[in-house]
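Notes for the structure review
Here are the chains, one letter per residue:
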Amino acid sequence: MLVGESIFGRSADAAELIGVMDDVGIEHAIVCPAKPPDYDLSGANEAVAEAVAAGAGRLTGIARVDPLLGDAACADLERALAGLGLRGLLLHPWEETFGIADRRVDLVVEVARRHDVPVIVAAGYPWLSEALQVGALARRFPDVTFVATNGLQLNISGLGQIDAELALARADNLLIQTTGVYREDFLENAVRRFGAHRVLYASSYPLLDPRLEIRRVQWASFSDVAATALLGNNAVEVFRLRSEPDEASVDEE
Amino acid sequence: MDTHLHVDDIPALGWKLDAAECVRRMDEAGIGRGVVMTIVDAPEINPQALDLVADACAAYPGRLEAFARIHPWYGHEAVGLLEQAFARGFKGLKLHPVSTLSHPASEDTLRLVRVAAEHHAPTLFHCGDEPLATPYAVAHAAAACPQATIILGHMGGYFHVDEAIEVAEQHDNVVLESSAMPYPEKIRKAVERIGASRVLYASDGPACSPRIEVEKVRLAGLAADAERLVFAGNAVRLLDAVS
């Protein structure tokens, strides 16, 4: 889920997120900064920390930096992880306009690696975060867990599926979220081929509607064990949440 | 009525979509009738594409209707195939500008759209985020053939939905089709701006879930009469008009 004022006009605060979570039956959410109107990601990270504090233990915060800012981005990330208590890194190549496979990204991923936290990548955007580009980054950091949004693809013809599967096949540390993935057979094949531990439910609220997004997992042909993993246990593992919630409980990004 | 389902066997993509699976998925979602089409086109790369669709419909009379997917590059042969399709009871034309590398405003494409219009049949364009298939590109076909009913399949995909609604506002002969695009609230916005009579439910099944796509329309929160039009009334009206 995304928290904070967004330059794109779809904003949500902690109270709204908790309300939406209650409506859908979500116990815990991973929250990332929206792109703020003033472009100040450092301030947006602070706002996430405030949202987590206001979230009654139901929100876990992720930091966001622009890797093109180099050392300043690394310093911001250090402060967010060590000082603000955030638990991962969001890279958004589309909104910050950088190529995810660009070597300059390595600097901030190295910071995440040192802190042993996962990296969420806004994936599937043409030219900047295509599946194989995300896969290339993941292979450079085999000891970092990467979580790609949108099933690694944003293609309404289904023509992104093969690249997504190739990327998943070549990087065991690359996982996908279910956000906006309209091809149910892609999600089912991903679980069958790569394992349920590689797929996580997410909604990207307020961009997408959690009431619909959660059905992509609940109504697909998954075993109960797999569905429970997608809906919560995988996120507990990846984000090291303290207590393991019951099923249908964790909403990422 | 689900106005966008597929039957085909594409080993290169690992996609095997058959009529029985379409009907099973329709039953799961409470859908009475569906419109099926292939993934690739006639006469190339599948010369038997029309037979495949006709056989699917014959296996499920009253449940499945047919759209002909024709490759615009094949000139008179393509027109002949489309005429054959209507003679066999097909109800519309499906065009995928990406897979055929055919711009919606190209003369090859418009020739087929005009033939469909002569039969009072709609033309369903794949309409998403890719070059050749954006709403503004398909709008050129709508403007060039005002007598044709143009359906924007996926109503713009992930990033072109607002443009699809805008195009429908500008062209009375444009209809929006809801499959795959992920935003329930955009369906409501479309109904508010162009009216419920020009918005169609569809799933792009059976690989996509018709049940989830039904849920998406329900989450749009339409008035009951508007929802009935989107789920069935509009599609029945369009298909019943085909001669």
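Before reading on, note that the structure itself is shown above.
Residues numbered from 1 in each chain as written. Chains lettered and ligands numbered in written order. Predicted model: local features only at pLDDT ≥ 70, side-chain atom pairs only at ≥ 80, totals over all residues. Heavy atoms only, no water.

1. Here we look at the packing of helix H9 (residues 210-219) of chain B against helix H10 (residues 224-240) of chain B
Residue and element names in this part refer to chain B. Our working definition: To obtain an axis, a line is fitted to C-alpha atoms, over the contacting stretch when the element is a helix, and the angle between two such axes runs from 0 to 180 degrees between their N-to-C directions. Note on conventions: DSSP H or I runs of at least 4 residues are helices, E runs of at least 2 residues are strands, and numbering of each starts at the N terminus. For classification purposes, an angle smaller than 35 degrees is called roughly parallel, one larger than 145 roughly antiparallel, one from 65 to 115 roughly perpendicular, and anything else oblique. Crossing handedness is defined as follows: a turn of the near helix away from the far one that is anticlockwise and smaller than a right angle gives a left-handed crossing, while the clockwise case is right-handed. Should any heavy atoms of two residues lie within 4.5 Å, those residues are counted as being in contact. Residue polarity is assigned by list, with Asp, Glu, Lys and Arg as charged and Ala, Val, Leu, Ile, Met, Phe, Trp, Tyr, Cys and Pro as nonpolar; anything else, Gly included, falls into the polar class.
Contact geometry of H9 with H10 gives a least axis separation of 11 Å together with a crossing angle of 155°. As judged from the angle between their axes, H9 and H10 are roughly antiparallel. For the crossing formed where H9 meets H10, the hand is right-handed. Contacts between H9 and H10 pair Val214, Val217 and Arg218 from the former with Glu227, Val230 and Phe231 from the latter. Tallied by class, the residues present in the contact of H9 with H10 amount to 4 nonpolar, no polar and 2 charged.

2. Some words on the sheet that holds strand S7 (residues 146-148) of chain A
Strand-to-strand pairing in sheets goes through backbone hydrogen bonds, with the strands running parallel or antiparallel. Residues and elements named next belong to chain A. Keep this limit in mind: For two strands to be treated as a pair, DSSP must find at least two bridges joining them.
The strand order S4-S5-S6-S7-S8-S9 describes an open sheet built from 6 strands, whose pairing is parallel. The open sheet has two edge strands with one neighbour each: strand S4 (63-64) and strand S9 (199-200). Here 2 bridges tie strand S8 (residues 174-177) to S9, and the two strands are oriented parallel to one another. The residue of S9 that forms the bridge with Gln177 is Leu200.

3. Comments concerning the nonpolar core
The nonpolar side chains of a soluble globular protein tend to be buried with one another. Rules: The nonpolar core is taken to be a set of buried Ala, Val, Leu, Ile, Met, Phe, Trp, Tyr and Cys residues, with the residues joined through side-chain atoms within 4.5 Å. Per-residue accessibility, obtained with a 1.4 Å probe over protein chains only, is compared with the maximum for each type, and a residue is labelled buried under 20%, exposed over 50%, and partly exposed between these values.
Counting residues in hydrophobic clusters, the biggest one holds 80 residues, and the most contacted among them are Ile70, Ile150, Leu152 and Leu176 of chain B. Beyond its immediate chain neighbours, meaning those up to four positions away, Leu152 of chain B contacts Phe125, Cys127, Pro135, Val138, Ala164, Val167, Val174, Val175, Leu176 and Glu177 of chain B. Membership of the second largest hydrophobic core comes to 71 residues, among which are Val109, Val144, Ala226 and Leu231 of chain A.

4. Things to note about the layout of surface pockets
Heads up, the rule is: Cavity: a set of points on a 1 Å grid over the protein atoms alone where a 1.4 Å probe fits but cannot get out. Pocket: an open set with protein on both sides within 12 Å along at least five of seven lines, its lining residues, like those of a cavity, having an atom within 4 Å of a point. Grid points are joined across faces, edges and corners, and a volume is the space filled by probe spheres set on the points.
Considered as a void within the structure, the largest pocket measures approximately 690 Å³ in volume. Forming the walls of the largest pocket are 31 residues, and the residues nearest its centre are Tyr125 and Leu207 of chain A together with Tyr158, Phe159 and Tyr183 of chain B. Put simply, the parts of the chain that give the lining of the largest pocket at least two residues each are helix H4 (93-96) of chain A together with helix H7 (161-170) and helix H8 (184-194) of chain B. Ranked by the residues each element gives to the lining of the largest pocket, the list is headed by H7 of chain B, at 3 residues.

5. With respect to the interface of chain A and chain B
For clarity, the threshold we go by: A quick way to say it: buried area is the sum, across both parts, of accessible area lost when two parts are put together, with a 1.4 Å probe. Any Lys or Arg side-chain nitrogen located within 4 Å of an Asp or Glu carboxyl oxygen qualifies as a salt bridge.
Taken together, the 24 residues of chain A in the interface contact 27 residues of chain B. Interface of chain A and chain B: buried area, both sides summed, is about 2,300 Å²; carbon and sulfur atoms make up 64% of it. Considering only the surface of chain A that becomes buried against chain B, Ile156, Leu212 and Trp219 of chain A emerge as the three largest contributors, covering 31% of it. Viewed at the interface, chain B and chain A are joined by 3 salt bridges.

6. Focus on the environment of Arg58 of chain A
Residue and element names in this part refer to chain A. The test is simple: Think of a polar contact as two N or O atoms within 3.5 Å of one another; within protein, one of them needs to be a possible hydrogen donor and the other a possible acceptor, and neighboring residues in sequence only count if both atoms come from side chains.
Tracing the sequence through the fold places Arg58 in the loop between helix H2 (41-54) and strand S3 (59-61). Along the sequence, Arg58 and Ile26 sit 32 residues apart, while their C-alpha atoms lie 9.2 Å from each other. In contact with Arg58, other than residues within four places in its own chain, are Ile18, Met21, Asp22, Ile26, Glu27, His28 and Ala29. Of note is the side chain of Arg58, whose polar atom sits 2.8 Å from the side chain of Asp22.

7. Comments concerning helix H3 (residues 71-83) of chain A
All names here are of chain A. Counted only if it meets this: To estimate the expected span of a helix, count its residues, drop one, and scale the result by 1.5 Å. It is the directions from the helix axis to the C-beta atoms that the arc portrays.
The terminal C-alpha atoms of H3 lie 17 Å apart, and with 13 residues this matches the ideal 18 Å at 1.5 Å per residue to within 8%. Buried within H3 are the following residues: Ala73, Cys74, Leu77, Ala80 and Leu81. One face of H3 carries all of its buried residues, which in axial projection span an arc of 130°. Those residues of H3 that are exposed and aimed more than 90 degrees away from the buried face are Asp71, Ala82 and Gly83. Packing partners of the buried residues in H3 comprise H2, S4, strand S5 (89-91) and helix H5 (105-115). With its phi angle positive at about 80°, Gly85 sits one or two positions after the end of H3.

8. Quick notes on helix H7 (residues 161-170) of chain A
Residues spaced three or four apart along an α-helix point in a common direction, a consequence of the helix completing one turn every 3.6 residues. Three or more residues of H7 of chain A are buried, namely Gln161, Ala164, Glu165, Ala167 and Leu168 of chain A. Projected down its long axis, H7 of chain A shows its buried positions confined to an angular sector of 160°, all on one face.

9. Description of the packing of helix H6 (residues 135-144) of chain B against H7 of chain B
All names here are of chain B. Put simply, H6 and H7 touch, their axes get as near as 9 Å, and they point 20° apart. Put simply, H6 runs roughly parallel to H7. Here the hand of the crossing between H6 and H7 comes out right-handed. Here Pro135, Tyr136 and Ala139 of H6 lie close against H7, whose contacting residues are Glu163, Ala164, Glu166 and Val167.

10. Let's talk about the environment of Ala196 of chain A
All names here are of chain A. Tracing the chain through its elements places Ala196 in the loop between helix H8 (184-194) and S9. Overall, Ala196 belongs to the buried group, its relative accessible area being 18%. Here the alpha-carbon distance between Ala196 and Leu230, two residues 34 residues apart in the chain, equals 6.7 Å. Ignoring any residue separated from it by four or fewer positions in sequence, one finds Ala196 in contact with Val191, Ala226, Ala229, Leu230 and Asn234.

11. Details of the pairing of strand S8 (residues 150-153) of chain B
All names here are of chain B. Counted only if it meets this: Consider the strands pointing away from the viewer: the crossover is right-handed when the path from the first strand over the helix to the second runs clockwise.
The two faces of S8 match: Ile150 and Leu152 on one face and Ile151 and Gly153 on the other face are all buried. Both strand S7 (residues 123-126) and S8 contribute to a ladder of 4 bridges, which runs parallel. The residue of S8 that forms the bridge with Phe125 is Leu152. Between S7 and its parallel partner S8, the chain crosses via H6, and the hand of that crossover is right-handed. For the segment spanning S8, H7 and strand S9 (residues 174-177), crossover handedness is right-handed.

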